Amino acid sequence: MSLHGKRKEIYKYEAPWTVYAMNWTVRPDKRFRLALGSFVEEYNNKVQIVGLEEDSSEFVCRNTFDHPYPTTKIMWIPDTKGAYPDLLATSGDYLRIWRVSDTETRLECLLNNNKNSDFCAPLTSFDWNEVDPNLLGTSSIDTTCTIWGLETGQVLGRVNLVSGHVKTQLIAHDKEVYDISFSRAGGGRDMFASVGADGSVRMFDLRHLEHSTIIYEDPQHHPLLRLCWNKQDPNYLATMAMDSMEVVILDVRVPCTPVARLNNHRACVNGIAWAPHSSCHICTAADDHQALIWDIQQMPRAIEDPILAYTAEGEINNVQWASTQPDWIAICYNNCLEILRV
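Residues numbered from 1 in each chain as written. Predicted model: local features only at pLDDT ≥ 70, side-chain atom pairs only at ≥ 80, totals over all residues. Heavy atoms only, no water.

This part covers a nonpolar patch on the surface. Taken together, the side chains of Ile-307, Leu-308 and Val-342 present a nonpolar region at the surface, about 260 Å² in accessible area. Relative to the assigned elements, Ile-307 resides in the loop between strand E24 (290-295) and strand E25 (308-311). Of the residues examined, Ile-307 reaches a relative accessible area of 49% and is grouped as partly exposed. (Patch = residues over 30% accessible without salt bridge, like charges linked within 9 Å, V, L, I, M, F, W, Y side chains within 5 Å. Areas by Shrake-Rupley, 256 points an atom, 1.4 Å probe, with all protein chains shown as cover. Salt bridge = Lys/Arg side-chain N within 4 Å of Asp/Glu carboxyl O. Helix = DSSP H or I, 4+ residues; strand = E, 2+ residues; numbered from the N terminus. Buried < 20%, exposed > 50% of the residue type's maximum accessible area, 1.4 Å probe, protein only.)

Sequence positions flagged by UniProt for "repeat: WD" (unreviewed entry) are, in local numbering, residues 262-304. End-to-end, the C-alpha atoms of residues 262-304 are 8 Å apart, and along that stretch the chain is 0% helix and 44% strand. (UniProt positions renumbered as here; feature names shortened; annotations may be inferred.)

The next thing to look at is the layout of surface pockets. In this model, the largest pocket occupies a volume close to 1,100 Å³. Lining of the largest pocket is provided by 50 residues; of these, Lys-73, Met-75, Asp-127, Glu-130 and Lys-231 occupy positions nearest its centre. Secondary-structure elements contributing two or more residues to the lining of the largest pocket are strand E2 (19-24), strand E6 (73-76), strand E10 (123-128), strand E14 (177-182), strand E18 (224-229), strand E22 (269-274) and strand E26 (316-321). A per-class count over the lining of the largest pocket returns 24 nonpolar, 17 polar and nine charged. The space that makes up the second largest pocket amounts to roughly 480 Å³. Along the walls of the second largest pocket sit 15 residues, with Tyr-20, Leu-225, Arg-226, Asn-270 and Asn-317 positioned nearest its centre. Those elements giving two or more residues to the lining of the second largest pocket turn out to be E18 and E22. A breakdown of the residues in the lining of the second largest pocket according to their chemical character gives eight nonpolar, four polar and three charged. (1 Å grid on protein atoms, 1.4 Å probe; cavity = no way out; pocket = protein on both sides within 12 Å on 5 of 7 lines; lining within 4 Å. Points joined across faces, edges and corners; volume = space filled by probe spheres on them. Nonpolar A, V, L, I, M, F, W, Y, C, P; charged D, E, K, R; others polar.)

Taken as a whole, this structure holds one cavity of 30 Å³ or more when the rule is applied. Estimated volume of the largest cavity: approximately 150 Å³. Taken together, 17 residues make up the lining of the largest cavity; nearest its centre are Asn-113, Asn-114, Ala-121, Leu-123 and Ser-140. At the level of elements, strand E11 (135-140) and strand E12 (144-151) are the ones that each hand at least two residues to the lining of the largest cavity. Of the residues belonging to the lining of the largest cavity, the class tally is seven nonpolar, eight polar and two charged.

Moving on, we come to the sheet that holds strand E20 (residues 247-251). Pairing within the open sheet is antiparallel, and its four strands lie in the order E18-E19-E20-E21. Where the open sheet ends on each side, the last strands, each with one partner, are E18 and strand E21 (260-262). If you compare each strand with its neighbour and ignore which way they point, the axes differ by 25° on average. The pairing of strand E19 (residues 236-241) with E20 spans five bridges and is classified as antiparallel. Paired with Met-240 across the strands is Val-247, a residue of E20. (Pairing = 2+ DSSP bridges. Axes fitted to C-alpha atoms, helices over the stretch in contact; angles between N-to-C directions.)

Further remarks concern the pairing of E10. Burial analysis of E10 places six of its six residues in the buried class, which makes it a mostly covered element. Counted along the chain from E10 to the antiparallel partner E11, the turn is six residues long.

This brings us to the pattern of salt bridges. Two side chains bearing opposite charge may form a pair once their charged atoms approach each other closely. Throughout the structure, instances matching the rule amount to 19 salt bridges. Of the charged contacts, one joins Asp-93 and Arg-96 as a salt bridge, the two residues approaching to 2.6 Å between their closest N and O atoms. You'll find Asp-93 and Arg-96 in the same group, each marked buried. One salt bridge connects Glu-246 with Arg-261, and the closest N-O pair in it is separated by 2.6 Å. With Glu-246 in the loop between E19 and E20 and Arg-261 in strand E21, the pair connects residues that are 15 residues apart, well separated along the chain. Residues joined by salt bridges that share partners form a network here, namely Asp-132, Arg-189, Asp-190, Asp-205 and Arg-207.

Residues in a regular strand point their side chains to alternate faces of the sheet. Judged by how many residues are buried, strand E16 (residues 200-205) sits mostly within the fold: six of six residues are covered. Burial along E16 is two-sided: Ser-200, Arg-202 and Phe-204 and Val-201, Met-203 and Asp-205, pointing in opposite directions, are all buried. The sheet contact formed by strand E15 (residues 191-196) and E16 spans five bridges and is antiparallel. Bridging across to E16, Ser-194 finds its partner in Arg-202. Counting the residues in the hairpin turn of E15 and E16 gives three residues, including Gly-199, whose phi is positive at 80°.

Right, here's the structure in full:
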């Protein structure tokens, strides 16, 4: 999409509800497409798929579908070649995989790990493995992480339903698990980390699940809400504590000692996104209405100030850096989505 002729720096979309979860597609043929999840404090919630129209330079809603409870996370299948079906995953009460077409979105499968119980432990987050898109990992308030295997049945000429099975479930933390993320280290398939209410970052290897490594523990044992791996250098990850105004950068080679602290925000941080194309740039977004981009090249020397700051018209709930278009960042606040050229 040749938006460069117009050189518009910001595009805005207003949803009919508060936007919380969102994600950019990675498919090369759907460049300015995002999925947005509503945050309504009741059972009935929505997901919208929106795209930027080339001619009008406006966002339009391509389709809307119902979702039980708010989505805690939304992710498109990490398929940059378009080899798999056009799939979207959401977490909430369960992990759901949806198939997206131009006119509608259809539920392909619901992945439930508590078959023999009426009780369901809500999922706080999940991650979709970039190296092997048949692997997903979920994190739950029941202290566990579950690794799922997906069968997308890539048989030519036959529409094949997607199905999934539990590969492994493990007790990851002493309390609720709030986030999970696969690492690109060691081939990018088997290593993942999680954070949780016990205030620790733990690293796991699917080949050796009998033990885990504690990479960091919050000094005050505050719950850690998010973790994000650096997209270019698998040694670095970022995390943040609940109600904290700072983001902590960790180096897995130096456990338990942050290599940097990013603390220019004036209110609690809600989102973290590493640059897809650079190992030393990261964006943080917070309740102070600000999205800040940092250059962390000089670590372990202190990082005093961000290199770029954008002030939104509300508390920023989420930030996503487009992996296939590194000059675009998406933020959401109130009922608005904005994409910013950086």
